[in-house]
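An overview of the molecular structure
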Amino acid sequence: MSATTTAKLTRWPWLGAFLAEESRAWLFVAKSLLAMYATAWLAMWLKLEQPSTAMITVAVVMHPHSGMVLAKSFYRALGTLAGSLFGLALIALFPQQRELFFLTLSAWLALCAGGATLYRNFMAYGFVLAGYTAAIVALPAIGNPLEVFDSAVMRVSEVLLGILVAAVFSDLLLPQRLRVVLRQSARTQFARFIDFVRESTGGVLPRARMEQAHLEFVRAAVHLEDLRASVIFEDPEVRTRSARMRLLNQRHMAAATSFQSLHHLINRLQRRGRDAVAQALIALYRPIGQALAVPSAKQHDPGVLTGRLRACVDTLPAHAAALREPFGEPAARLEFDTGAALVLRFADELADFTAAEASLRTGKLRGSVERVHFRRGNDLAGAAVTVLRTFLTMIVLAAFWLASGWAFGGSAMLLATIFAGLLAASPNPVAAATRTLYGYAGGMAAGFVAVFFLLPGSDGFAMLVCATAGLLLIGPYLATRDTLPGVGAGYTLGFVYILALKNPMVYDPTHFLNDVIAQLLGLGLSGVAFMVLPGVTGTQWQRRRQLRLLRGQVTLAATAPLEGLAWRFESVSRDLLQQVVAHTRPDSDESRHLLAWSLAVQESGRAVIELRQDLSVGDLPAGARTAATRALDAVAALYRAPDAARWQAADAAVLDAIHATPRGASVRRHLYQLRGALRDEESPLAAYMPSPEVAHAA
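What you see is a predicted model, and the numbers here were worked out from it, not measured in a lab.

Before going further, it helps to examine the nonpolar core. Ranked by size, the top nonpolar core spans 116 residues in total, and within it F193, V197, I288, F336, F346 and L350 carry the most contacts. No other element matches helix 14 (residues 330-362), which puts 13 residues into this core. Sequence-distant contacts of I288, defined by excluding residues within four places in its chain, comprise V197, L309, C312, V343, F346, A347 and L350. Among the nonpolar cores identified, the runner-up in size contains 75 residues, and Y125, Y132, A398 and L472 belong to it.

Take the confidence of the model for the protein next. Of all residues in the protein, 92% attain a pLDDT of 70 or more, and the chain-wide mean is 84. Within the protein, the element-level pLDDT minimum falls on helix 28 (residues 692-697), averaging 44, and the maximum on helix 26 (residues 644-660), averaging 94. Across residues 693-698 the pLDDT falls below 50, and counting only partners more than four positions away or on other chains, this stretch makes one contact in the model.

Turning our eyes to something else, we now look at helix 14. Counted at 1.5 Å a residue, the expected span for helix 14 with its 33 residues is 48 Å, and the 48 Å between its end C-alpha atoms agrees. At the exit of helix 14 stands G363, carrying a positive phi of roughly 80°.

Side chains of F448, V449, F453, L454 and L513 sit close together on the surface and give an oily, nonpolar patch of about 440 Å² of accessible area. A relative accessible area of 31% means that F448 is categorised as partly exposed.

Pairing is possible between side chains that carry opposite charge, provided their charged atoms lie close to one another. Taken as a whole, this structure holds 26 salt bridges when the rule is applied. With its nearest N and O atoms 2.6 Å apart, the salt bridge here joins R324 to D337. Taken together, the residues span a long stretch of sequence, with R324 in helix 13 (residues 302-324) and D337 in helix 14 at a distance of 13 residues. Residue R679 is joined to D651 by a salt bridge in which the shortest nitrogen-to-oxygen separation is 2.9 Å. Note that R679 is positioned in the loop between helix 27 (666-678) and helix 28 and D651 in helix 26, a separation of 28 residues in sequence. The partly exposed category is assigned to R679, whose relative accessible area is 28%. Among the residues examined, D651 registers a relative accessible area of 7% and is labelled buried.

What counts, and at which threshold
- For every chain, the first residue of its written sequence is number 1, and the numbers climb from 1 along that sequence.
- Local features in this predicted model are restricted to residues whose pLDDT is 70 or higher, and side-chain atom pairs enter the listing and the counts only when it is 80 or higher, whereas totals over whole chains, interfaces and linings include all residues.
- Calculation of side-chain values draws on the structure's entire complement of heavy atoms; hydrogens and water are dropped beforehand.
- We call a set of buried Ala, Val, Leu, Ile, Met, Phe, Trp, Tyr and Cys residues a nonpolar core when their side-chain atoms join them within 4.5 Å.
- Think of it in three bands: with a 1.4 Å probe and only protein chains considered, a residue is buried below 20% of the maximum accessible area for its type, exposed above 50%, and partly exposed in between.
- Only DSSP runs of H or I with at least four residues qualify as helices, and only runs of E with at least two residues qualify as strands; both kinds are numbered from the N terminus onward.
- Contact between two residues is taken to exist if any of their heavy atoms lie within 4.5 Å; hydrogens are not considered.
- Confidence per residue, as judged by the predictor, is encoded in pLDDT with a range of 0 to 100.
- In a helix, the anticipated span is given by 1.5 Å times the number of residues less one.
- Residues forming no salt bridge and having over 30% relative accessible area are the ones grouped into patches, like charges within 9 Å of each other and nonpolar side chains (Val, Leu, Ile, Met, Phe, Trp, Tyr) within 5 Å.
- We get accessible surface area from the Shrake-Rupley algorithm with a probe of 1.4 Å; when it comes to residues, only the shown protein chains can shield them.
- Salt-bridge detection follows one rule: a side-chain nitrogen of Lys or Arg within 4 Å of a carboxyl oxygen of Asp or Glu.

This is the structure we're talking about:
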């Protein structure tokens with residue numbers, strides 16, 4: 001780059017950002033075109049029936065990052081194989097019973113679309129593929145069942161060829177590694193959490209700041225898991241470290257929950273005038289900040305921080321004993337002991353978090369790793385709505401096809417099948433279907449120009465490329481524009497689908513126009529289906545259900561088997577919050593309400609799990625154990641369906657358990673933390689607390 005150009009980029013930073021973005025976009029366009037045309041040439045050389053199917057596969061799986069391509073290809077291959085096998089079985093079972101054939105096919109498509117809403121990333125796409133591949137295999141053979149095996153073999157061969165070529169071009173031709181994004185995200189998550197902890201050792205954190213930090217930590221945890229699930233396909237090194245990355249994420253979530261619980265307790269103590277205890281806890285907490293206070297060059301070095309935190313953990317018990325000494329009142333000692341246990345737990349979890357980060361950065365992965373998983377939160381009712389909508393759409397199309405004898409009904413049904421599944425998880429499926437329809441129609445118009453004006457005068461594969469490349473590249477380029485979601489993908493699919501490269505090529509304007517009408521009608525009907533039976537993703541109804549599921553995590557913490565419960569609770573509660581907050585307006589009353597509930601769930605749920613763990617190993621009197629069990633049941637009932645009566649029952653049960661438990665028992669500290677969470681005036685549970693006048697009268 002010349003000095004003049006460099007000076008211009010320095011003077012106008014937006015120009016440098018624009019050129020960098022455009023270079024990435026055009027690199028993606030070039031790789032996409034090369035992969036699609038290489039696939040078409042190989043499909044023709046191998047004498048596959050429909051090279052366009054292989055090209056569509058490339059168009060669908062291509063992504064700027066190679067890890068995304070490999071992940072999507074893996075699940076597309078699984079979905080294709082599953083769908084092909086089901087298509088074969090369907091024709092074998094109902095070769096002449098059209099009604100049963102369509103009924104079973106519609107049920108399969110509906111179940112696959114519902115399954116797609118229950119999974120994340122490209123696992124969901126695998127379900128969609130399993131659905132519409134069965135239709136691709138079975139529908140063309142409905143008039144001649146003896147051809148279904150050849151049809152299945154061809155479809156699988158074409159799809160697998162497209163997957164292979166897309167993977168090779170994405171991974172070998174100027175690859176953009178997703179592992180770079182993963183490492184940067186992990187280090188950013190680590191640095192932000194450490195900085196936040198370092199800056200918060202002064203004491204009280206406002207509730208609004210805690211909510212903002214909580215949301216940031218939740219998004220970081222979910223984003224890191226999403227990236228990890230894709231990067232393992234592109235990088236063998238990441239695959240070997242996958243278990244440790246999950247452990248790192250789990251330790252981050254555990255430390256964040258302890259951190260939030262500690263500050264909630266300090267805030268409550270200060271609001272209630274218990275300043276002496278609050279200041280003692282702040283003094284006990286302050287050494288953690290001192291352990292993190294290292295020179296700027298090393299302030300995010302996990303190896304340095306781990307050593308300092310371990311040393312801090314060793315000194316905290318003696319420091320806690322000295323700070324506790326002035327408190328002679330039993331209530332003050334219980335308050336301090338509860339907070340001190342949270343400080344010690346947080347310091348230990350923070351040291352574990354930095355140690356996990358250090359092991360990943362240094363590559364020293366000796367020793368076994370605790371097996372943890374990132375569980376997702378799912379709404380089965382939302383999936384059921386998707387199943388019903390897809391089933392009704394397919395049944396209506398099938399009935400119309402059977403009644404009318406429409407020769408191109410299969411094309412309409414196939415397009416409706418594909419997009420009913422693909423758009424099921426969209427927050428606004430009608431708008432997504434509309435944008436895709438615009439792109440699809442534009443791609444078909446370009447395909448018409450290519451098929452009937454450019455290709456007839458061409459001879460040979462090189463001329464085919466020259467005649468179509470200028471029109472085809474519009475789709476991949478539009479796909480890189482965030483302002484036009486769905487339009488680029490729709491354009492590419494419409495162009496390649498209607499181009500219909502075959503061995504041999506056929507030029508039939510009547511067939512072409514009928515196919516255009518059928519495909520646009522099928523895509524349009526998938527959008528109409530969302531109008532008649534709207535999607536639930538992002539709706540108020542679903543948000544209310546997800547909030548109930550989020551509160552239900554406290555019930556899960558109180559009742560589920562203890563093995564693996566801690567990481568299951570941490571991951572599911574965060575995934576549910578991420579789902580529901582993603583569809584609410586930032587800083588709105590609803591968003592703040594959801595965040596407040598999430599913080600309450602995190603504190604109470606973790607306290608319940610810690611309490612149950614102590615009950616499982618402790619030696620408590622029978623009366624105390626029974627009282628603690630009743631308290632757990634009452635808290636679980638409150639979060640399952642909160643109201644004033646259940647709040648009073650939970651508050652009384654927890655108080656009875658505290659009185660029944662011997663002093664000094666760790667169970668007593670967890671019970672006190674639970675009662676503090678129940679009586680937090682800034683939590684959503686405050687709405688069910690009796691007013692001061694009623695409480696005083698009682």
